[in-house]
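Report on the structure
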There are 2 protein chains.
Amino acid sequence: MKQIRLNAFDMNCPGHIQQGMWRHSRDRSADYLNLDYWTGLARILERGLFDGLFLADVLGVYDVYQGSPDPAIRGAVQVPVNDPMLLIPAMAAATRHLGFGVTANLSFEPPYAFARRMSTLDHLSRGRVGWNIVTGYLDSAARAMGLERQRAHDDRYDVADEYMELVYALWEGSWADGAVVRDRETGVYADPALVRPVRHQGAHFQMDAIHLCEPSPQRTPVLYQAGSSERGRQFAARHAECVFVNGTSKPMVAAIVAAIREAAVARGRDPTDILVFVGATIVAGATDAQAEAKFRDYQRYADREGALAHASASLGIDLARYGPDDPIRMVKTDAIVSNLQAIATRRPDRAITKRELTDSFALGGRQTPIVGGPERIADELQAWVRETDVDGFVLARTVTPECFEDFAELVVPRLQARGLYKEAYAEGTLRQKLFPGHAARLPASHPAASHRR
Amino acid sequence: MKQIRLNAFDMNCPGHIQQGMWRHSRDRSADYLNLDYWTGLARILERGLFDGLFLADVLGVYDVYQGSPDPAIRGAVQVPVNDPMLLIPAMAAATRHLGFGVTANLSFEPPYAFARRMSTLDHLSRGRVGWNIVTGYLDSAARAMGLERQRAHDDRYDVADEYMELVYALWEGSWADGAVVRDRETGVYADPALVRPVRHQGAHFQMDAIHLCEPSPQRTPVLYQAGSSERGRQFAARHAECVFVNGTSKPMVAAIVAAIREAAVARGRDPTDILVFVGATIVAGATDAQAEAKFRDYQRYADREGALAHASASLGIDLARYGPDDPIRMVKTDAIVSNLQAIATRRPDRAITKRELTDSFALGGRQTPIVGGPERIADELQAWVRETDVDGFVLARTVTPECFEDFAELVVPRLQARGLYKEAYAEGTLRQKLFPGHAARLPASHPAASHRR
């Protein structure tokens, strides 16, 4: 059976997915302003041989619920939220192997400067950086940037496709292998004949410039994507190396995984060129009983008002207008499909009610929490891999960092004993660690490779 | 006599001001890709009680000389150049007091995301961040961003003035003091009544959004500026807390310093609210003779072709078209005035020739190198402060990091013995360290204060 890959899921803010947990006396998420908190977390994850820390991000606030940002501000529902990229250099200095997947919204990052930021991170981390490509979905973010609202959903992906070609050209094409000579004798640092400008006149972007950075270990960072709409999945099939999905029913996730691999194959990629991760909320204890007691303790802190603020923004509908037993109407936008699909898999027979939705978001979010001692959790994770063909899990934080410490101390040894989890990190870049036998750089079957000479 | 303030001047690239030094066997600037290099440098500077590390930056390449970027690429003249901001978190984690001034070009940083980046850095460093405000001057950068050329010089400053009002409103006005409650009992993280959106409809920017970050120790980072044109100086008089000037003649620098303080006073600020730093290239040895030998050794590595590439871009004229003894024609743009003014102060009687210019840029740049043992250097620095009223120096790197180690080990103790240099860091933020007796935040006389409630 294949080895389980593991990402921790966090965000540079006090309230990420499980709203209210910052109130728990052992929770340290309100220490997000301190570098020590992040370097400590990185060391915990590296001790647990996690493949990566995946950092979510959002530009904008959740202001759909009650038509106001106030509930989100009150409960720290992803606001305040600091820049995630700036955490990585300090964590990279504190670790040797841990990967870092960072979310960046390409709608608001000029590609030239963004390409430089990612190359810089890839250099400083020695090839341990990934990029979760998002296009944003909040009108509040658009208003922050001086627009009235977001572009339409499918248009955003068209822009994103063009954006990707630009950054690929900078990362893969501008500096040829061998361009950097660094010869102290002759004084030639780089050979200009092997450095060329990216000249681009597109529908959304224009550029005429060389990439400012010499080639980094991975050139293109490991590419993550989480879109679950039809257009989002096409985008992932073309670009992504790691895809995140959410879902509570194994058959439905199995169907999603199969569809993702099929779509990649249809584009000439290998089905194993894409790793699929499913979101998981795990509460581990030394015994099942201890874990259940811990879960009940955590639940006492769940913030239902915060959960409604979060859910309303994710779904794009003001849940304040619904009674507790009203069914939630489906509206087809990317975020809504993603979130409702995940939740609805628990109730495939009928529409989900507001009460159920709130329960779901209050602790567990888009996942059914897995609660138990090491055996029970290992059993459940193994069942997920066997029945859905996912490659690994993205562990949402509950009470942090103890949720990650518990997993590393209690569950990892059990998974190792079953031969399901690595005993040590592989050498090489994040891409090489995730894809054994691959090179540090993207395979030739990836569209970025067309920009190479 | 006042205490001398000290910034180290560096850049996230192999070739900064003194072209060719990366070729020296003891120079480590080509290690700029390694975090260890930067955390080591930060520790050296903190041991030497430097107030700050000032990080230059440029978006774009130097392609004026010979009408091509090739000479700059060949000699690593500020290309490749990585993002400077991403160095700071790792250096902040490795130090406790050292400040970090980072150059960011506001023409290419959307204000909403940029304000968040700076707040994040200010949080993570516990209030040790400064921002060197630049508007850019390279057409190559504009072309990288999809434009044909830069905006006109004075227009850039008009945009910059509006940009500053926006980021001030985010930093100073969006979250009132006391907005962050962080009450684990009630579950209130922040009081929405004390968080308000920034609503702005200007000539160049629109925004309707709250700042994403809770207030950081300094709120607005310490503001640095280096413009030397009339319009640039007006901008500095309004906004800057630290101004960098270049010049080789003490009387001319004295006149500049006086003009800067006067302009600030004319805008209702206190003359001591602005610190003026002058650029300096210093080669220190245990004795004068050792220092002179070291300087001659360094000079052997000076890259004259690289110096011409750098000078041509800085001046906006292709020096390949000039003979060695041709006088250089003055053209009035911001960068040109800044650079030629600095160089011309050596030859106030006549125009500078290409040969002289190249000599100047090849080692020393815009400064006459100060070479000597501790006594001679201390004498010269003391004379600069006495005769020009500058508050301190920005030390350009030569062979790095030994140039900073030499200064810390040899010169600092001598300055301390004369009572010209601190014996220990003051507590508090960078602003409090630079301005004894001031608060962590900008004084009420600064225009940013008008955005407070």
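On a predicted model such as this, the values are computed, not experimentally measured, just so you know.

1. Some remarks on helix α10 (residues 304–315) of chain B
Residue and element names in this part refer to chain B. Across its twelve residues, α10 extends 16 Å between first and last C-alpha, which sits within 8% of the 16 Å expected from 1.5 Å per residue. Most of α10 sits inside the fold, with ten of its twelve residues counted as buried. Regarding α10, the residues found buried are G306, A307, L308, A309, H310, A311, S312, A313, S314 and L315. For α10, the N-terminal cap is D303; the gap from its side-chain oxygen to the backbone nitrogen of E305 is 3.2 Å. Downstream of α10 by a residue or two, G316 has a phi angle that is positive, lying close to 75°.

2. Examining the interface of chain A and chain B
Contact with chain A, which involves 70 residues of that partner, is made by 70 residues of chain B. Buried surface at the junction of chain A and chain B, both sides included, amounts to about 6,400 Å², of which 63% is carbon and sulfur. For chain A, the biggest contributors to the area lost against chain B are L86, R116 and R184 of chain A; these three give 12% of the whole. Here chain A is connected to chain B by 29 residue pairs in polar contact (both at pLDDT 80 or more). Of all the secondary-structure elements, those providing two or more residues to the side of chain A that touches chain B are α2 (70–75), α3 (88–93), α4 (111–124), α5 (139–144), β5 (180–183), β6 (188–190) and β8 (206–209) of chain A. Per-element tally for the side of chain A that touches chain B: the top contributor is α4 of chain A, with seven residues. Among the residues forming the side of chain A that touches chain B, the class breakdown is 40 nonpolar, 13 polar and 17 charged.

3. Regarding the environment of A259 of chain A
By the element assignment, A259 of chain A lies in helix α8 (residues 250–266). Remark: the alpha-carbon pair of A259 of chain A and A237 of chain A, spanning 22 residues in sequence, is separated by 9.5 Å.

4. Observations regarding the confidence of the model for chain A
A low pLDDT score tells you not to read the predicted coordinates there in detail. Residue and element names in this part refer to chain A. On average, chain A scores 91 in pLDDT, and the residues at 70 or more come to 93%. Here residues 332–337 is modelled with pLDDT under 50, and outside its nearest four sequence neighbours on either side it reaches 15 contacts, counting other chains as well. Confidence estimates for the predicted assembly give a pTM of 0.96 and an ipTM of 0.95.

5. Digging into the pairing of strand β2 (residues 52–56) of chain A
A regular strand carries its side chains on alternate faces of the sheet. Residues and elements named next belong to chain A. Most of β2 sits inside the fold, with five of its five residues counted as buried. Of the two faces of β2, the one holding G52, F54 and A56 and the one holding L53 and L55 are both buried throughout. Where strand β1 (residues 5–11) lies against β2, five bridges are found, and the strand directions are parallel. Across the sheet, the residue bridging to D10 is L55, located in β2. Of the crossover connections in this fold, the one passing from β1 over helix α1 (residues 35–47) to the parallel β2 is right-handed.

6. Let's talk about helix α13 (residues 374–388) of chain B
Residues and elements named next belong to chain B. Relative to the 21 Å expected for 15 residues at 1.5 Å per residue, α13 spans 21 Å between its end C-alpha atoms, a close match to the ideal helical length. Buried within α13 are the following residues: P374, I377, A378, L381, Q382, A383, W384, V385 and T388. Buried positions along α13 lie against α8 (250–266), β11 (275–280), β12 (282–284), β13 (370–372), β14 (392–396) and α14 (402–417). The first or second residue beyond α13 is D389, which carries a positive phi of 65°.

7. Points about the pairing of strand β4 (residues 129–134) of chain B
Within β4 of chain B, five of the six residues are buried, which leaves the element mostly enclosed by the surrounding structure. A crossover connection joins strand β3 (residues 99–105) of chain B to the parallel β4 of chain B through helix α4 (residues 111–124) of chain B; in handedness this β-α-β unit is right-handed.

8. Some thoughts on the pattern of salt bridges
Applying the stated criterion to the full structure yields 68 salt bridges over all chains. E109 of chain A is the salt-bridge partner of R117 of chain B, the closest N and O atoms lying 2.8 Å from each other. On the criterion of chain membership, the pair formed by R117 of chain B in helix α4 and E109 of chain A in the loop between β3 (99–105) and α4 is interchain, its members lying in two chains. By the burial criterion, R117 of chain B is buried, and E109 of chain A matches it.

9. Looking at the relation of the copies chain A and chain B
Between chain A and chain B, the superposition needs a rotation of 180° and an axial shift of 0.0 Å, giving an RMSD of 0.0 Å. Taken together, the rotation and translation describe the operation of a two-fold axis. Every residue of chain A has its C-alpha some distance from the rotation axis, and the shortest such distance is that of A90 of chain A, at 2.0 Å. Most of the interface of chain A is mirrored in chain B, where 100% of its interface residues are also at the interface.

Reading the values: the criteria
- Residues numbered from 1 in each chain as written.
- Chains lettered and ligands numbered in written order.
- Predicted model: local features only at pLDDT ≥ 70, side-chain atom pairs only at ≥ 80, totals over all residues.
- Heavy atoms only, no water.
- Helix = DSSP H or I, 4+ residues; strand = E, 2+ residues; numbered from the N terminus.
- Expected span 1.5 Å × (residues − 1).
- Buried < 20%, exposed > 50% of the residue type's maximum accessible area, 1.4 Å probe, protein only.
- Polar contact = N/O pair within 3.5 Å; in protein donor to acceptor, adjacent residues only side chain to side chain.
- Contact = heavy atoms within 4.5 Å.
- Buried area = accessible area lost by both parts, 1.4 Å probe.
- Nonpolar A, V, L, I, M, F, W, Y, C, P; charged D, E, K, R; others polar.
- pLDDT = per-residue confidence, 0-100.
- Pairing = 2+ DSSP bridges.
- Right-handed = clockwise from strand over helix to strand, strands pointing away.
- Salt bridge = Lys/Arg side-chain N within 4 Å of Asp/Glu carboxyl O.
- Least-squares fit on C-alpha atoms with pLDDT ≥ 70 in both.

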